2 protein chains.
Amino acid sequence: MNQPMRRMKSDTVTLAHGGGGKAMRDLIEDVFVSVFEPDGMEDQARLTSAALANSGAQLAFTTDGFVVSPLEFPGGDIGKIAVCGTVNDLAVGGAEPLWLSAAFIIEEGVDVALLRRVVASMREAADEANVRIVTGDTKVVERGSADGIFITTSGVGVIPPERNLSADRVQPGDVAIVNGVLGDHGAAILAARGDMALSVEIPSDCQPLNALMNATCETVDVRAARDATRGGLASALNEIAEAADCGIEIEETALPLRTEVKGVCEILGLDPLYLANEGTLVLFVPEEEAERALDAMRSTAAGKEAVIVGRATAAHPKRVVMQTSFGGARIVDMLVGEQLPRIC
Amino acid sequence: MNQPMRRMKSDTVTLAHGGGGKAMRDLIEDVFVSVFEPDGMEDQARLTSAALANSGAQLAFTTDGFVVSPLEFPGGDIGKIAVCGTVNDLAVGGAEPLWLSAAFIIEEGVDVALLRRVVASMREAADEANVRIVTGDTKVVERGSADGIFITTSGVGVIPPERNLSADRVQPGDVAIVNGVLGDHGAAILAARGDMALSVEIPSDCQPLNALMNATCETVDVRAARDATRGGLASALNEIAEAADCGIEIEETALPLRTEVKGVCEILGLDPLYLANEGTLVLFVPEEEAERALDAMRSTAAGKEAVIVGRATAAHPKRVVMQTSFGGARIVDMLVGEQLPRIC
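You'll find chain A entered in an unreviewed UniProt entry as Hydrogenase, with Pseudaestuariivita atlantica given as the organism. Looking at chain A in UniProt, the text filed under Sequence similarities (unreviewed entry) is "Belongs to the HypE family."

> Would you mind going over the interface of chain B and chain A with me for this structure?
Note: interface size is frequently given as the accessible area lost on complex formation between the parts. Chain B puts 79 residues into the contact, and the matching count from chain A is 79 residues. The three residues of chain B that bury the most area against chain A are R46, F61 and R230 of chain B, which together make up 13% of that side's buried surface. Put simply, chain B and chain A have eight salt bridges between them. Summed over the shared surface of chain B and chain A, the number is 32 residue pairs in polar contact (both at pLDDT 80 or more). Counting residues per element, the ones that place at least two in the side of chain B that touches chain A are α1 (22-36), β1 (45-47), β2 (58-66), α3 (78-92), β5 (96-107), β6 (132-141), β7 (149-159) and α7 (232-244) of chain B. Its residues placed into classes, the side of chain B that touches chain A shows 32 nonpolar, 27 polar and 20 charged.

> I keep staring at the pattern of salt bridges and nothing clicks. Help me out?
Once the charged atoms of two side chains with opposite charge are near each other, the side chains can pair. Scanning the entire structure with this criterion turns up 44 salt bridges over all chains. Between R223 of chain A and D174 of chain A there is a salt bridge, and its shortest N-O distance comes to 2.8 Å. Remark: D174 of chain A occurs in the loop between β7 (149-159) and β8 (175-178) and R223 of chain A occurs in the loop between α6 (210-219) and β9 (224-227); sequence separation between them is 49 residues. Notably, a salt bridge pairs R132 of chain B with D39 of chain B, separated by 3.8 Å at the nearest N-O pair. Within this pair, whereas R132 of chain B is found in strand β6, its partner D39 of chain B is found in the loop between α1 and β1, the two being separated by 93 residues in sequence. Members of the salt-bridge network, linked through shared partners, are D64 and R230 of chain A together with D137 and K139 of chain B.

> Just to check I follow, could you spell out the relation of the copies chain B and chain A for this structure?
One chain copy maps onto the other through a rotation about an axis and a shift parallel to that axis. Placing chain B over chain A gives an RMSD of 0.0 Å and needs a rotation angle of 180°, together with 0.0 Å of translation along the axis. Read as a symmetry element, the transformation amounts to a two-fold axis. Of the C-alpha atoms belonging to chain B, the one lying closest to the rotation axis is found on A146 of chain B, 2.1 Å away.

> What's the story with unusual backbone geometry in this structure? I'm lost.
In the segment running from S69 of chain A into P70 of chain A, the intervening peptide bond is cis, with an omega of 0°. Its location among the elements puts P70 of chain A in the loop between β2 (58-66) and β3 (72-73). If you check the backbone angles, N130 of chain B has positive phi at about 60° while not being a glycine. For D245 of chain B, which is not glycine, the phi dihedral falls at a positive 55°. By the secondary structure assignment, D245 of chain B is in the loop between α7 and β10 (247-251).

> What am I meant to see in the packing of aromatic side chains here?
Within a pair of aromatic rings, the relevant descriptors are the distance that separates the centres and the angle that separates the planes. One pass over the structure, following the stated rule, counts six aromatic pairs over all chains. With a centroid separation of 6.4 Å and an interplanar angle of 85°, the aromatic rings of F61 of chain A and F61 of chain B are classed as edge-to-face. Taken together, the residues span two chains, with F61 of chain A in strand β2 and F61 of chain B in strand β2. The class for F61 of chain A is buried, based on a relative accessible area of 0%.

> Hey, could you run me through the domain arrangement of chain A in this one?
Residues and elements named next belong to chain A. Looking at the assigned domains, one finds that chain A contains domain 1 (15-159) and domain 2 (167-331). If you average the C-alpha positions of domain 1 and of domain 2, the two centres end up 27 Å apart. Taken residue by residue, the interface counts 19 residues in domain 1 and 22 residues in domain 2. Between domain 1 and domain 2 lies a buried interface of about 1,700 Å² when both sides are counted; carbon and sulfur atoms form 63% of it. Of all residues in domain 1, P74, N88 and V92 give up the largest surface area on contact with domain 2, accounting jointly for 34% of the area buried on that side. Viewed at the interface, domain 2 and domain 1 are joined by zero salt bridges. Our count for the domain 1 to domain 2 interface comes out at seven residue pairs in polar contact (both at pLDDT 80 or more).

> I keep staring at empty space enclosed by the protein and nothing clicks. Help me out?
Unoccupied space between atoms shows up once a probe the size of one water molecule is rolled over them. Going through the model one piece at a time under the given rule, you end up with three cavities of 30 Å³ or more. Of the pockets and cavities examined, the largest cavity occupies roughly 170 Å³. Along the wall of the largest cavity there are 20 residues; nearest its centre are R230, L340 and I343 of chain A together with G18 and G19 of chain B. A breakdown of the residues in the lining of the largest cavity according to their chemical character gives eleven nonpolar, five polar and four charged. In this model, the second largest cavity occupies a volume close to 80 Å³. Along its surface, the second largest cavity is lined by 13 residues, and G18 and V140 of chain A together with P341, R342 and I343 of chain B are the ones closest to its centre. Tallied by class, residues from the lining of the second largest cavity come to seven nonpolar, two polar and four charged.

> Sorry, what's going on with the state of the cysteines here?
Two cysteines whose sulfur atoms are joined by a covalent bond form what is called a disulfide. Overall, the coordinates contain zero disulfides over all chains when judged by the stated rule. Among the cysteines around C217 of chain B, which has no disulfide bond, C84 of chain B carries the closest sulfur, lying 18 Å off.

> In this structure, what is going on with helix α5 (residues 184-193) of chain A? I would like to understand it.
Residues lying three or four places apart along an α-helix face the same way, a consequence of the helix completing one turn every 3.6 residues. All names here are of chain A. Most of α5 sits out of view: eight of its ten residues are buried. Within the span of α5, buried status applies to D184, H185, G186, A187, A188, I189, L190 and A191. Contact partners of the buried residues in α5: β3, α3 (78-92) and α8 (259-268). Positioned one or two residues after α5, G194 has a phi angle of 80°, which is positive.

> It is not clear to me how the sheet that holds strand β1 (residues 45-47) of chain A should be interpreted in this structure. Could you clarify?
Neighbouring strands of a sheet are bound in pairs by backbone hydrogen bonds; such pairs are parallel or else antiparallel. In spatial order, the strands read β1(A)-β2(B)-β7(B)-β5(B)-β6(B); together these five strands make up an open sheet with mixed pairing. The outermost strands of the open sheet, each flanked by one partner alone, are β1 of chain A together with β6 of chain B. Going from strand to strand, the sheet's axes swing by 15° on average, the running direction of each strand aside. Bridging between β5 of chain B and β7 of chain B involves ten bridges; their strand directions are antiparallel. Each residue of the ladder has a partner; that of F104 of chain B, found in β7 of chain B, is I151 of chain B. The strands that helix α4 (residues 112-129) of chain B touches are β5, β6 and β7 of chain B; relative to β7 of chain B, the one it contacts most, it runs at about 15°.

Definitions and limits used
Residues numbered from 1 in each chain as written. Chains lettered and ligands numbered in written order. Predicted model: local features only at pLDDT ≥ 70, side-chain atom pairs only at ≥ 80, totals over all residues. Heavy atoms only, no water. UniProt positions renumbered as here; feature names shortened; annotations may be inferred. Contact = heavy atoms within 4.5 Å. Buried area = accessible area lost by both parts, 1.4 Å probe. Salt bridge = Lys/Arg side-chain N within 4 Å of Asp/Glu carboxyl O. Polar contact = N/O pair within 3.5 Å; in protein donor to acceptor, adjacent residues only side chain to side chain. Helix = DSSP H or I, 4+ residues; strand = E, 2+ residues; numbered from the N terminus. Nonpolar A, V, L, I, M, F, W, Y, C, P; charged D, E, K, R; others polar. Least-squares fit on C-alpha atoms with pLDDT ≥ 70 in both. Phe/Tyr/Trp six-rings, centres within 6.5 Å; stacked < 30°, edge-to-face > 60°. Buried < 20%, exposed > 50% of the residue type's maximum accessible area, 1.4 Å probe, protein only. Domains from an automatic or database assignment. 1 Å grid on protein atoms, 1.4 Å probe; cavity = no way out; pocket = protein on both sides within 12 Å on 5 of 7 lines; lining within 4 Å. Points joined across faces, edges and corners; volume = space filled by probe spheres on them. Disulfide = S-S within 2.5 Å. Pairing = 2+ DSSP bridges. Axes fitted to C-alpha atoms, helices over the stretch in contact; angles between N-to-C directions.

Here it is, written out as structure tokens:
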């Protein structure tokens, strides 16, 4: 920028900051542009990438709104989730995430200091995921018309020509692998809300998964992957079972769970299979490639604790069944109703 | 889809519809997918376009949040604005809009019938603009944590190799043209809110501008264009004057204004230069191409009333000056503070 940077004059966000005039430009330049450092101040980003020109490459495009409450919690905040969530949506589809947009809906009266922390956290997560936040928008609504800060991110990435991840590619015999412990994010939010008077502090698993996905896709034939966000691993597996028209069996004893999360679930009667994750995925690979997939996953920061949790089966098509630790079997259905509002 | 379509069982949106489970899938399939008809149900869209592979083509990427109140008003609703706004952001940058995403944040208790009307309106606007809504997201927040429906759309388009619209290309002597009357959207929202007990019904100008932009760019060298949304024509012109480092002169008598809008402004002491538009733009072309530009604009539905309103000048760099109808001159500054919250 050739202009001297405009500075916010207020400690809280006011309706004027959404008005399209000088105050809005001050907010945008001081709080967003100075941190995200996009190439221009036009209302749209102009992007070029050699990856796009690859014959056979596909563009991937996704969006997610984030309304998590509280805005800050152990292991992350709404900004970190807003970046990781969209990066991960792209990654589990086989895309290499390149660019993000970020649209903020802010309640009048929000502390500018809080907004700055959230924005700094977004930049940090974007750097970790090696993506750029290239364009954005800000709206301000009257006190009481929103709850703090909502962020919608959209992401654009490129699916390399040879990659084809799709839930309907999963076949009986394929092995299901998760990259780490389950339910941390859901438990973290529950504990952070304080309603339950839980004395444990559980950090969210919120993290970008694109490096892990990339390493794995370059090593083995990943049939399909899903990040286990809202609705947890149970919903991710059910979606795959339905799309692939095959059954899925998982082993309760194989499910990686943090002791604290297990404890929270036991106390509150929650099922960790339905707890949300923000940095945990499940992927399916051919059985003969499972060991190589585990090695590839474990070579990345987000995959250190990768472990096989089950497999696809020709039995009970479209159903997910868990072999319990007591030797029985139970159907793991999709989540019905809501488990925990505003988890992400 | 091979599956029988899932149907909503409720007349209002509940927290369960944001929970990531069965209720959410019913909402998504019944209300969104059945209308938008995206190619797949994966969490991301996979896109190919011959336009992308054009050597020298650039990708354009933009986002906007929409929080307009009321949700429905003469001439449009939040859905129509959410599509037109993002289409127009892309179009005024010289891009041909191709794909949109739509992320909904919905307050618990919203009528499903209202949501269906908004979604139908989005589909209609997308069809008119010849773009596709290819991916989306839904979050539900508790009653009182949002105000009805917020929609964030993002858009991806392609800038053809030969096109280069940029505010800094505007030069002294260039002519400023608007495509139609000013301030209709702002006046429409003001009247629709009912606070002012205005008896007029003014329809919003909300419309897609991509066909107009495309026709004009194919005919003349459009230097730069801006849609005159929040902050109105005054803010759009000030942004261009600053980026181009030149002055802009406009003629008050040349500004196209609907009689009703002029009346509302006189009664309420508002300046139509600052009223928001949702289907009105200003573009700059070299003087010798002005007539051809007017012809090209007038050949499109959105440009029938295109008219020259002023020109760029070497005098008073970075300042917008209006020759008033009384023969004087006044500086038209950027909007300070907010004129009307939640206009879009």
